[in-house]
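Topology and contacts: notes
For reference, the chains in residue letters:
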Amino acid sequence: PDKEGFSMAMANEISELEQKNTWTLVKRSDMKKAGRKALSSTWAFRRKRYPDGSIRKLKARLCVRGDQQTQGVDFFKSYSPVVHWTTIRLVLLLSIVFNWATVQTDYTNAFAQASLSEEVYMNIPRDFAPTTTGDDFVLKLNKSLYGLRQAPLSWYEHLRTHLEQRGFKRSALDSCLFYDKTKKIMCLIYVDDVIWIAPDKQRISTVLDSLKDDLEMTVEGDISAFLGIDFERQENGKIKLKQRGLIDRILQTTGLSACNSDKTPASTTPLGTDKDGKPFSEEWNYASVVGMLLYLASNSRPEISYA
C-alpha cells in the first residue's frame, strides 16, 4: 500500500548518498586486479512512528550485506559502544533536580558521514545503475554505509573526534557520555541519536552551531521521543516515561488488544516449568514478543519485570 512512498524514499536515499560522495564508480576488472570482491546491497524499509504508534515518515535505507564481509580483509574491528540506560536515567534525574535544558539531535544518514579506511566494493543497487555502465562497473565505498560491520564504529569515532576537538572529554565510566566542565554541558550518544543537557539551551545551541560546520544534523527540540520512549514533563518538574506505541504493538501481535487490564500482571508465585506441556503453537514469534516486553520492563514499566 505504501509502494509509491517507499519508491520516493529510495530515490531520496540514493540522491543523499551521492551528494555525500559515498562511493566512486570503478571498473569491475580493476577491483578483481586488487583481489577484492563486490558485496551485495539490500534495502531496509521502515515506517517510522511516533511513540503513540502513528506514522511519522516512510524510510528507505540502502544497506551493504555485511554478512558477506571477511574479517582481516574488508573490516578489522566492529564493536561500537552505546550509552547505558543507567546513564540516561542519571541525566534525566539531573535535569529534573537542577531544571536543566535537554535537546535531542539526529544525524542525517549518519554512517555515510564517516570516512571509510578499508577498501570495500559494492555492486550497484538494482534499478539505479546508469544505463551506460551495465555490469562492468562497481561502487568503491568512500564512506561507511549501514550494514557494514565497521560502520557503527566508524561513525562513533567520527563523532568522538569532532566532540574532542571542541573540548569534550569522554567519561571513564560510560564511553558514550561526553562532557565539558568549562561549558557545563554533557551529551549522550546512542548510535546517531544524541541527547544534550546543560543549565540552559543557549549553551547547547552554541555547540550545535559549531558542529553543523562538520556534521549534517537535525535538531529535534526537547528530549521528547528518545528511542521510542515518550518523555512527558509534569507540572511538578518530574518526567513521565511512556511507551504506548510499543504496548499497543505487543497486544496487537499477541491478539490481546481486547483483553481486560489488571493492576497486578501476574501471580506472585513462580510459574515453574511444564516439561510435559504442549509445545508453543502461537502464530506470533515468542522471542520477538519477549524482547519487546523486556525493553518495556527495563524502561517505562518496571512493575512487569517479575511477570
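Look a little higher up for the structure.
Residues numbered from 1 in each chain as written. Predicted model: local features only at pLDDT ≥ 70, side-chain atom pairs only at ≥ 80, totals over all residues. Heavy atoms only, no water.

**Quick notes on the nonpolar core**
Applicable threshold: We call a set of buried residues a nonpolar core when its members are Ala, Val, Leu, Ile, Met, Phe, Trp, Tyr or Cys and they connect through side-chain atoms within 4.5 Å of each other. The cut-offs for exposure are 20% and 50% of the maximum accessible area for each residue type, with area from a 1.4 Å probe on protein chains only; residues under the lower value are buried, those over the upper are exposed, and the others partly exposed. Every residue pair with non-hydrogen atoms within 4.5 Å of one another is taken to be in contact.
Counting residues in each nonpolar core, the largest one holds 61 residues, and the members touching the most others are Trp23, Tyr107, Leu141, Leu163, Trp196 and Leu211. When residues no more than four places from it in sequence are discounted, the contact partners of Tyr107 are Gln113, Trp155, Leu159, Asp192, Val194, Trp196, Leu211, Leu215, Glu216 and Met217. Core analysis: the second largest hydrophobic core is formed by 7 residues, Leu246, Ile250, Val289 and Ala297 among them.

**Topic: helix α1 (residues 3-19)**
The line we're drawing: What counts as a helix is a DSSP run of H or I of at least four residues, what counts as a strand is a run of E of at least two, and both are numbered from the N terminus. For a helix, the expected span equals 1.5 Å multiplied by the number of residues minus one. Directions are taken from the helix axis to each C-beta atom, and the arc is the one they span.
The end-to-end C-alpha distance of α1, which contains 17 residues, comes to 25 Å, matching closely the 24 Å that a straight helix rising 1.5 Å per residue would cover. All of the buried residues along α1 are Phe6, Ala9, Met10, Glu13, Ile14 and Leu17. For α1, the arc enclosing every buried residue in end-on projection is 135°, short of the 170-degree limit, so these residues lie on one face. Among the exposed residues of α1, those pointing more than 90 degrees away from its buried face are Glu4, Met8 and Gln19. Where α1 is buried, its residues touch β1 (23-27), β3 (41-49) and β4 (55-64). Directly after α1, the chain includes Asn21, whose backbone phi takes a positive value near 55°.

**A few points about the sheet that holds strand β7 (residues 137-141)**
What counts, and what does not: Here a strand pair is declared whenever DSSP counts at least two bridges between the two strands.
Spatial strand order, β1-β7-β6-β2: 4 strands in an open sheet with mixed pairing. Only two strands of the sheet have a single neighbouring strand rather than two, namely β1 and β2 (38-39). For strand β6 (residues 121-122) and β7, the ladder comprises 2 bridges, and the chain directions are antiparallel. Across the sheet, Tyr121 pairs through a bridge with Lys140, a residue of β7.

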